Amino acid sequence: TKPQGYVPTLGAYLRSTVPLAGAGAAFAAVTCASTALRGKDDKLNYFLGGSSAGGIIGVAARSFRFGVPTAFFLGVCAIVYKDSKDCGWKLFPEVTHRVGSFDHINYDFTLQKPHK
């Protein structure tokens with residue numbers, strides 16, 4: 001349902017953003033803590049961090065059936081991210097367009113010189 005008024009709208013916004021912020025904080029905290037405790041910086045630490053983030057999302061959804069697959073999925077995504085950092089490939093490569101982009105100063109193909 002659509003919230004009516006400012007307070008219900010703010011409540012709906014907070015119910016969706018606070019768990020995601022908590023999941024990000026849980027990922028960072030668990031990954032850092034497991035790296036410090038284990039003394040190794042490997043993919044298992046990232047899997048544990050991703051799984052904890054998925055667990056936070058599952059708790060926010062109040063669903064065990066949603067939380068466990070989400071934890072596993074985010075753990076696998078964290079392993080892929082760690083592999084991209086270790087091996088030097090980009091998960092999301094930068095896309096640069098030569099023509100028709102926002103970089104119009106370097107690639108100005110107009111027929112007239114600008115008026116001064």
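Residues numbered from 1 in each chain as written. Predicted model: local features only at pLDDT ≥ 70, side-chain atom pairs only at ≥ 80, totals over all residues. Heavy atoms only, no water.

S.K.: Give me the lowdown on the pattern of salt bridges, citing residues and values where you can.
M.R.: Throughout the structure, instances matching the rule amount to four salt bridges. Ionic pairing is found between D42 and R38, a salt bridge with its closest N-O pair at 2.7 Å. For D41, the salt bridge identified is with K82, shortest N-O distance 3.1 Å. Linking D41 in the loop between helix 1 (6–38) and helix 2 (43–61) with K82 in helix 3 (residues 64–87), this pair joins segments that are 41 residues apart in sequence. Here D41 falls in the partly exposed class, since its relative accessible area comes to 48%. Shared partners join several salt bridges into a network, and the residues in it are D41, K82 and D86. (Salt bridge = Lys/Arg side-chain N within 4 Å of Asp/Glu carboxyl O. Helix = DSSP H or I, 4+ residues; strand = E, 2+ residues; numbered from the N terminus. Buried < 20%, exposed > 50% of the residue type's maximum accessible area, 1.4 Å probe, protein only.)

S.K.: Tell me about the packing of helix 2 against helix 3, and name the residues and values.
M.R.: Following both chains from N to C, one finds helix 2 and helix 3 inclined at 150°, their axes separated by 7 Å at the closest point. What the angle tells us is that helix 2 and helix 3 run roughly antiparallel. The way helix 2 lies across helix 3 gives a crossing that is right-handed. Taken together, the residues of the contact of helix 2 with helix 3 break down into 13 nonpolar, eight polar and five charged. (Axes fitted to C-alpha atoms, helices over the stretch in contact; angles between N-to-C directions. Parallel < 35°, antiparallel > 145°, perpendicular 65-115°, else oblique. Left-handed = near helix turned anticlockwise from the far one by under 90°. Nonpolar A, V, L, I, M, F, W, Y, C, P; charged D, E, K, R; others polar.)

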